[in-house]
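# Analysis of the macromolecular model
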Amino acid sequence: MPDLRTVVLIVAAGQGKRFGSDLPKQYCPLAGATVLHHTVRAFVEHPEIDGVKLVIAEGYDEEVEASLTGLPREKFLGTITGGETRQVSVRRGLESLSSLAPELVLIHDGARPFPSSETTSAIIGALLDNIELDGACAALPVHDTLRRVLPDQRGMETVSREGLWRAQTPQGFRYRPILAAHQMVSRTDYTDDVAVAEAARLKTRLIEDKPTNIKITTPEDLKIAQSFLASTSPAAAAQPTGGATRVGMGYDVHRFEAGRPLFLCGFEVPGAPRGLKGHSDADVALHALTDAILGAIGEGDIGQHFPPSDDQWKDAPSSLFLEAARKRVTELGGRILNIDLTIICETPKIGPHRDAMRKRVAELLEVSEGGINIKATTTEGLGFTGREEGIAAQAVATLWLPDDAGEST
Ligand code: MG
């Protein structure tokens, strides 16, 4: 593992379902993705962040996978299961980073989808520039007049807002001291990590944050988040209502050839006596799938993009073709929703390899495995597949594309 200087721990283990919805708020839909998707995106796209780890509750693997759809995975350090309180979740997250031992760790709430890139940089800068500083916390000055309601209907009193700030996240720390602080405090009711740091007498400071770094707590917050996205990224915000669902199909056949490895769905079938004949690795399933995706975006077929006459594709892994089609969907601002693929052959048996194939296609397309279906059939001994002369594959791809897809590219 390369040296990671700054890692973000995103705390998304809360199971608060305050919307009357079935989903914890970090998994609620926001502009065609989830709240957590936007949160993770902000950090994986930040040039000073080297790694991102998620603390999640048990049983939400599918929601997490869906939240990561369409995001680059290079910086993703995986997930860890949290605990019964936020404080326990953060401690477990910090402990899970011990073998990486980053210099700095930023701790951020999963339900804050718009952390400011400038604030993140300012927190990192404050820690790198001030050797005596242990922590730096995003915060907003309080501008409203504050009142405290007195008990027993005795009225209320005005509280001075002088010197009052609202603590936000991210909160950044040197890794070793904040890990030690979390492991030594005996109370379990600290509501943020600066409070834990203070209890361990660490030196922290506030960094003025942007007011757009809202925490999603109510359905109204989601509407505010939606309109914020509409003002900054119209294509993303249009997704739930605008745009269109597009369908494409693909079909391909390759003949068996002895002396070659057999690739299906980007997976080398172990012990296969024959492979398939073709200019590339002849992965018939990925060819059908690539054609289905190109079909859905109206961009011709695989032969136009990767001509067999071009020597650079000789023996090329067909995953290259599929990834190129996926990137084209991303460039258009679209998302792959689901894939249905049928492999038609007498041999090999697909069943034993189906899970591995599904996993590989999900990886290549950056879609959750739930969105990938792989089926297999024989043709009852009839036709060329029945005579075991080759393998055929059919695929259907369903995509979402924004209304203006292609206009700006
Ligand atoms: Mg082909």
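Residues numbered from 1 in each chain as written. Predicted model: local features only at pLDDT ≥ 70, side-chain atom pairs only at ≥ 80, totals over all residues. Heavy atoms only, no water.

### Considerations on the pattern of salt bridges
- Scanning the entire structure with this criterion turns up 20 salt bridges.
- Salt-bridge contacts for Arg 73 lead to Glu 65; the nearest nitrogen and oxygen are separated by 3.4 Å.
- For Arg 73, a relative accessible area of 30% gives the class partly exposed.
- Residue Glu 65 is classed as partly exposed on the basis of its relative accessible area of 29%.
- Close ionic contact of Asp 109 with Arg 112 constitutes a salt bridge, the shortest N to O distance being 3.5 Å. Taken individually, Asp 109 and Arg 112 each receive the classification buried, so the pair is uniform in this respect.
- Taken together, the shared-partner salt bridges connect Arg 86, Asp 109, Arg 112, Asp 193 and Lys 215 into one network. (Salt bridge = Lys/Arg side-chain N within 4 Å of Asp/Glu carboxyl O. Buried < 20%, exposed > 50% of the residue type's maximum accessible area, 1.4 Å probe, protein only.)

### Re the packing of aromatic side chains
- On inspection of all chains with the given rule, the structure shows five aromatic pairs.
- When the centroid spacing of 4.9 Å and the interplanar angle of 90° are considered together, the rings of Phe 306 and Trp 313 count as edge-to-face. In this pair, the class of Phe 306 matches that of Trp 313, namely buried.
- Note on Trp 313 and Phe 321: the rings are 5.7 Å apart at their centroids and 80° apart in plane angle, and the pair reads as edge-to-face. (Phe/Tyr/Trp six-rings, centres within 6.5 Å; stacked < 30°, edge-to-face > 60°.)

### Some remarks on the coordination of the magnesium ion
- Bound to the magnesium ion on the protein side are Asp 252 (OD), His 254 (NE2) and His 287 (ND1), at distances that span 2.1 to 2.3 Å.
- Coordination of the magnesium ion draws on donor residues from a single chain, spaced D-x1-H-x32-H in sequence. Here His 254 is found in strand E12 (residues 244-258), whereas its partner His 287 is found in helix H9 (residues 284-296), with 33 residues between them in sequence. Here the two residues His 254 and His 287 agree in accessibility, since each one is buried. (Donors = N, O, S within 2.8 Å, 3.2 Å for Na, K, Ca; no water. Helix = DSSP H or I, 4+ residues; strand = E, 2+ residues; numbered from the N terminus.)

### Quick notes on a nonpolar patch on the surface
- A grouping of Val 247, Met 249, Tyr 251, Val 253 and Val 396 is seen on the molecular surface, where their side chains present a nonpolar patch of about 470 Å² in accessible area.
- Sort the elements by how many residues they give to the nonpolar patch and E12 lands first, with four residues.
- Within the element layout of this structure, Val 396 appears in strand E18 (residues 390-401). (Patch = residues over 30% accessible without salt bridge, like charges linked within 9 Å, V, L, I, M, F, W, Y side chains within 5 Å. Areas by Shrake-Rupley, 256 points an atom, 1.4 Å probe, with all protein chains shown as cover.)

### Some thoughts on the pairing of strand E8 (residues 146-149)
- One ladder, built from four bridges, connects E8 with strand E9 (residues 156-159); its direction is antiparallel. Each bridged residue has a counterpart across the sheet, and for Arg 148 the counterpart in E9 is Glu 157.
- Here E8 folds back onto E9, and the loop between the two strands holds six residues, one of which, Asp 152, carries a positive phi near 60°. (Pairing = 2+ DSSP bridges.)

### Things to note about the environment of Cys 265
- Relative to the helices and strands, Cys 265 resides in the loop between strand E13 (263-264) and strand E14 (267-268).
- Overall, Cys 265 belongs to the buried group, its relative accessible area being 0%.
- Distance in space between the C-alpha atoms of Cys 265 and Thr 347 is 15 Å, their sequence separation being 82 residues.

### Focus on the sheet that holds strand E16 (residues 335-344)
- An order of E15-E12-E18-E16-E17 is seen for the five strands of this open sheet, with the pairing classed as mixed. With partners counted over all chains shown, the strands left at the sheet margins are strand E15 (274-276) and strand E17 (372-377), one partner each. Sheet twist, expressed as the mean angle between neighbouring strand axes with direction ignored, is 20°.
- Examined bridge by bridge, E12 and E15 share three bridges and lie antiparallel to one another. What sits directly across from Ala 258, in E15, is Arg 274.
- The strands touched by helix H12 (residues 354-365) within the sheet are E16 and E17, with E17 carrying the most contacts at an inclination of about 140°. (Axes fitted to C-alpha atoms, helices over the stretch in contact; angles between N-to-C directions. Contact = heavy atoms within 4.5 Å.)

### A closer look at helix H4 (residues 117-129)
- Along its 13 residues, H4 runs 18 Å from first to last C-alpha, staying within 8% of the 18 Å computed at 1.5 Å per residue.
- Within the span of H4, buried status applies to Thr 119, Thr 120, Ile 123, Ile 124, Ala 126 and Leu 127. One side of H4 holds all its buried residues, which, seen down the axis, span an arc of 160°. Of the residues in H4, the exposed ones pointing more than 90 degrees away from the buried face are Glu 118 and Asp 129.
- The secondary structure elements touched by the buried residues of H4 are strand E1 (6-12), helix H1 (35-44), strand E6 (104-109), strand E7 (135-141), strand E10 (165-174) and strand E11 (204-208).
- Where H4 starts, the residue carrying a side-chain oxygen 3.2 Å from the main-chain nitrogen of Glu 118 turns out to be Ser 116. (Expected span 1.5 Å × (residues − 1). Arc of directions from axis to C-beta. Polar contact = N/O pair within 3.5 Å; in protein donor to acceptor, adjacent residues only side chain to side chain.)

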